[in-house]
Amino acid sequence: MAERAVTFLIGKLGSLISQESNFLGGVETQIVSLHDELEWINSFLRDADEKRRRYRRVNVWVSQVRNLAYDAENIIDLFMLEVVQQRQRNIVLRFMGYPKHLFTLHKFGNQIEDIKRRIGEISANKSKYGIETLEAGGTSAHLNDGLARKVRKAAMEDEIDVIGFEKHIEELAILLKQEESRQLVVSIVGMGGIGKSTLVKTVYNRSDVKNTFDSYAWIYVSQEYRVEDLLSGAITQLMRLTYEKKEELETKNVQALRQMLFNYLKERRCLLVFDDVWRREDWDTLKVAFLAQDEGKQQRVVLTTRNVEVAKHADPLTAPYELRPLGDQESFKLFSHKVFQSHVGSEERSYSKKMEDLGRKLVAKCGGLPLAIVVLGGLLSTKEKTPSVWSKVLQSVNWQLNQGPQQCMDILALSYTDLPYYLQSCFLYVGLFPEDHKIHSKKLIRLWVAEDFIQQRGDETMEDVAEEYLEELTERSMIQVASRRSDGGVETCRVHDLLRDLAVSEAKKDKLLEIYGSNCSNSLNRFRRLAIHSNNGTHHISSSSLYHLHSLLCFSKGLHKKLWKGLYVGFNLLRVLDIEDVKHLNSLPKEIGGLVLLKYLNLRGTNVRRTPHSMGNLCNLQTLDLSYTRITHIPKEIWSMQQLRHLYCFYIWSPSSLVKCVANVVNEIGLSCSCPPRIDNLRDLQTLWLHADNWIEGGLDKLTNLRELRIRGDLALHTKALTDSIVKLKKLQVLDLWNQSQNANPLPLVSFSHHVHLYNMNLRGCLEKIPDPMDFPPYLTELRLSCSHLKQDDQPMATLKKLPNLKILILGWNIFEGKEMICSVGGFAKLQILELIGLYNLEDLKVEQGAFPCLKVLTISWCKQLKMLSDGLPYITTLQELNIVNMPEEFNARFQKDKGKDWEKIKHIPSVTISSKPPRD
């Protein structure tokens, strides 16, 4: 970590010299000298970082270097803050005799000299205490820094390793499916890292288990939770609520949420999983909140816990499943599977006798814990598979480990120290997120970039480099993939509790971050990043003690108002402010414009209704998220934020309210249609979510770095400018157009044949006809079409089946007004997911034998006129899941087991779900 801090500081000094040389005057020589000395001291840091775990004196020395780098960075940032503020006041600084400028330079020069003096003392200590002569502990770290670039996984989701759990999986599945006259609670017990959640997740996702229940929900509990959050999360999953309906839940209290849940569960058979329950009193709270005392006999409950007393307390009549460590053979099989990233069953053939002996010795150190085995295997998967390399890793493991309950953590710590320094800070950063939190990869990547964790590499964007960093961490099993996009990239991810504990522990040692809400340090001094997980006691936080804070992330929706007192005045060094979903926040004061170093501002889901004009001072802002707020206009200053890379401005209002919203935008900007705002000032934009308005004529075609473009509104008013622009946006990966015009104007479309990066399209609005296959992007993997109003003669499937890379196809809400849809043979070579939603006139769906050779999931919803399923359905042998949602009762009756007229058509499908969403209340 000290190496990363110093490397970053060297880069910052280099930028200061090159970009502000005219402003530095007489201190430029001092800056160059400091830059050179830091490069010299950085050359010793890698070895020192490896020794610090073994020698206390090395740890002290490295900590001194890290603190010096942090202090120097703060000095430079405060200097730049003054520079920016003076420029914003239009102060002319051409004359070096200007008093304010001279004072600033003099103070800065003295501070640089003090840093250089401290470097001299630290350098002397290195020799004085014999740090150079100490042997490094293990030599496993960085044995193969040139990490091979792996091909991105094409699977929709990562395979779950269940080696050693096969017997438990079958037993648990049988237990959950059987009929019981009482409410059943099954507990899975075991130490951290033993695989409790993996076991339950495997059973939870089995189609034969899902078919037993009307609905199901997975509820992460962990050590800290709010009952209302758990209730609203469960209701959202059980009822499959939209974003707008989820917003309504947040207005309800615990009692109202309980009643809503009980009403839903009353007539339904549901499966509830409570993951990671820590205390008996936690179970008592959950039982009262989720399970009615005299009802709910149809419900099945699974809980995972590390405490056997919790399991016995939850259901004394059902013996808990106590998971034991894996045996030697199972452990080695799992290890081999991870090391070689291959299919289970073929790994042993990849070993020589020497390598197998070393592998078994390494696996023995893991004590049969699956998490430790997988992480160690991930570490070795990045290294050369030679006896010399594995022997060095074994030596490192031997001096790292202490036999006993700490053994797993030591294995994890070894894998952390083996990370290249540029990955270490990225891994530690995930410790800011709460336990079991599903992290969206795009958000994590934007945060890493804003924190300056990402190194510029050639012509690649920092976001692309960051995505490769994330892939490296998942390959090493330091971060778990929760879901993948259709193009194979990570969509969401999680961190195992033990790895998160490691990240928090290591980050606190390096003063990288602090968590407010559990085991918080008495003093927040020197911590550079603060995450708030609980509202308890936050009003005691003093802004005067956080002047050095670089990042503030809030995960508590009901944050105490007193925390914000002085926030915008005292936190001058702030780079990241993430207050997503903080509901009591209604406005931002004008003082926020003083946070000129801010790079990331997230107000998504708050009740903020307006933003002050002073936000135009945020000249370093890279990410601005105003989506799903109560904002009705955007200050014109945003159009001049030239550093912006990601701008999200979708509002929560209904389409009818957007007319007023657009009018407010125009009034606020003070421009008429003949003089639109110049969006072409934002040349670095990669992401743009915005309602349609005159800005489209203001240079959208110049934003050639755009990767994701989502526009809603009356697109017909801007047809020419929009089509002319889209043709030129060749780097687009995601395109989402929603025409909310009251007229039946067709969507503005162009030929996308040269958009080779475009993999995801969502087109909502009228189409004159389905475009020719050659006009679609050549590597399109995901397509959503709705409200197209295509006629009977324009069969969409005849065209869409020719898209060679399509994996997901969703056709919804009157895309097709014909009565007959034909799915013929010879196409859809890679299609895995097909959804037909709201095709109100469709009466006959014909599927020919040989159509959909790879289809896994078929969903039919709100197709009220559909008479029956196609006779060709039995020929789709790859189909794993059929979902029938909100269809007429007579249609559903056709699938009754052994009795329904269409039972023979679907009996080969492992998972068949027939459900209806509850009426809107």
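Above this text is the structure in question.
If you're wondering where the values come from, they're calculated on a predicted model, not measured in any experiment.

Caption draft 1: Molecular detail of the pattern of salt bridges. All chains considered together, the criterion is met by 47 salt bridges. Put simply, R457 and E468 hold a salt bridge, and the shortest N to O gap is 2.7 Å. With R457 in the loop between helix 21 (441–450) and helix 22 (462–475) and E468 in helix 22, this pair connects stretches of sequence that are 11 residues apart. Given a relative accessible area of 26%, R457 falls into the partly exposed group.

Caption draft 2: Geometry of the packing of helix 7 (residues 166–177) against helix 8 (residues 196–204). Contact geometry of helix 7 with helix 8 gives a least axis separation of 10 Å together with a crossing angle of 50°. The angle between helix 7 and helix 8 places the two elements in the oblique class. For the crossing formed where helix 7 meets helix 8, the hand is right-handed. Residues H168, I169, L172, A173 and L176 of helix 7 lie in contact with helix 8, whose contacting residues are L199, T202 and V203. For the contact of helix 7 with helix 8, a count of residues per class yields six nonpolar, two polar and no charged.

Caption draft 3: Looking closely at the sheet that holds strand 7 (residues 480–484). Pairing in this open sheet of three strands is antiparallel, and the strands run 6-8-7 from one edge to the other. Looking along the sheet, the strands with just one partner apiece sit at the ends: strand 6 (439–440) and strand 7. Here strand 7 runs beside strand 8 (residues 490–494); their pairing, made up of four bridges, is antiparallel. Residue R484 lies in a different strand from strand 8, and its bridge partner there is V490. This element, helix 22, spans strand 7 and strand 8 of the sheet and lies at about 50° to strand 8.

Caption draft 4: View of the sheet that holds strand 2 (residues 215–220). If you walk across this open sheet you meet the five strands as 2-3-4-1-5, and the pairing is parallel. Two strands in the sheet have a free side with no partner beyond their single neighbour: strand 2 and strand 5 (321–322). Relative to strand 4 (residues 300–305), strand 1 (residues 184–189) runs parallel, the two sharing six bridges. Of the residues in strand 4, the one forming a bridge with L184 is R300. Across the sheet, helix 8 touches strand 1, strand 2, strand 3 (270–277) and strand 4, and the angle it forms with strand 2 is around 165°.

Caption draft 5: Layout of a nonpolar patch on the surface. The grouping of W813, Y840 and W862 at the surface amounts to a nonpolar patch, some 270 Å² of accessible area in total. Along the chain, the position of W862 falls in the loop between strand 25 (857–861) and strand 26 (881–885). Under the relative-accessibility criterion, W862 is labelled partly exposed at 32%.

Caption draft 6: Spotlight on the environment of W903. Note on placement: W903 falls in helix 29 (residues 903–906). Separated by 10 residues in the primary sequence, W903 and A893 place their C-alpha atoms 9.4 Å from one another. Those residues within four positions of W903 in sequence are excluded, and the remaining contacts are R894, F895, Q896, K897 and D898.

Caption draft 7: Looking closely at the side chain of N739. By secondary structure assignment, the location of N739 is in strand 18 (residues 734–739). Accessibility expressed as a relative area gives 10% for N739, which makes it buried. For N739, the side chain forms a polar contact with the main-chain oxygen of N745, separated by 3.2 Å. When residues no more than four places from it in sequence are discounted, the contact partners of N739 are G713, D714, L715, A716, N745, P746, L747, R764 and G765.

Caption draft 8: Quick peek at the side chain of S627. Mapped onto the elements of the fold, S627 is located in the loop between strand 14 (623–625) and strand 15 (646–648). By relative accessible area, S627 is classed as buried at 0%. For S627, the side chain forms a polar contact with the side chain of R604, separated by 3.0 Å. Not counting residues within four places of it along the chain, the set of residues in contact with S627 comprises R604, G605, Y648 and F650.

Caption draft 9: Structural detail: the environment of S123. Along the chain, S123 falls in helix 6 (residues 99–128). A sequence separation of 62 residues divides S123 from W61, and the C-alpha atoms of the two residues are 9.2 Å apart. Once residues lying within four places of it in the same chain are set aside, the contact partners of S123 are W40 and I41.

Reading the values: the criteria
- Residues numbered from 1 in each chain as written.
- Predicted model: local features only at pLDDT ≥ 70, side-chain atom pairs only at ≥ 80, totals over all residues.
- Heavy atoms only, no water.
- Salt bridge = Lys/Arg side-chain N within 4 Å of Asp/Glu carboxyl O.
- Helix = DSSP H or I, 4+ residues; strand = E, 2+ residues; numbered from the N terminus.
- Buried < 20%, exposed > 50% of the residue type's maximum accessible area, 1.4 Å probe, protein only.
- Axes fitted to C-alpha atoms, helices over the stretch in contact; angles between N-to-C directions.
- Parallel < 35°, antiparallel > 145°, perpendicular 65-115°, else oblique.
- Left-handed = near helix turned anticlockwise from the far one by under 90°.
- Contact = heavy atoms within 4.5 Å.
- Nonpolar A, V, L, I, M, F, W, Y, C, P; charged D, E, K, R; others polar.
- Pairing = 2+ DSSP bridges.
- Patch = residues over 30% accessible without salt bridge, like charges linked within 9 Å, V, L, I, M, F, W, Y side chains within 5 Å.
- Areas by Shrake-Rupley, 256 points an atom, 1.4 Å probe, with all protein chains shown as cover.
- Polar contact = N/O pair within 3.5 Å; in protein donor to acceptor, adjacent residues only side chain to side chain.

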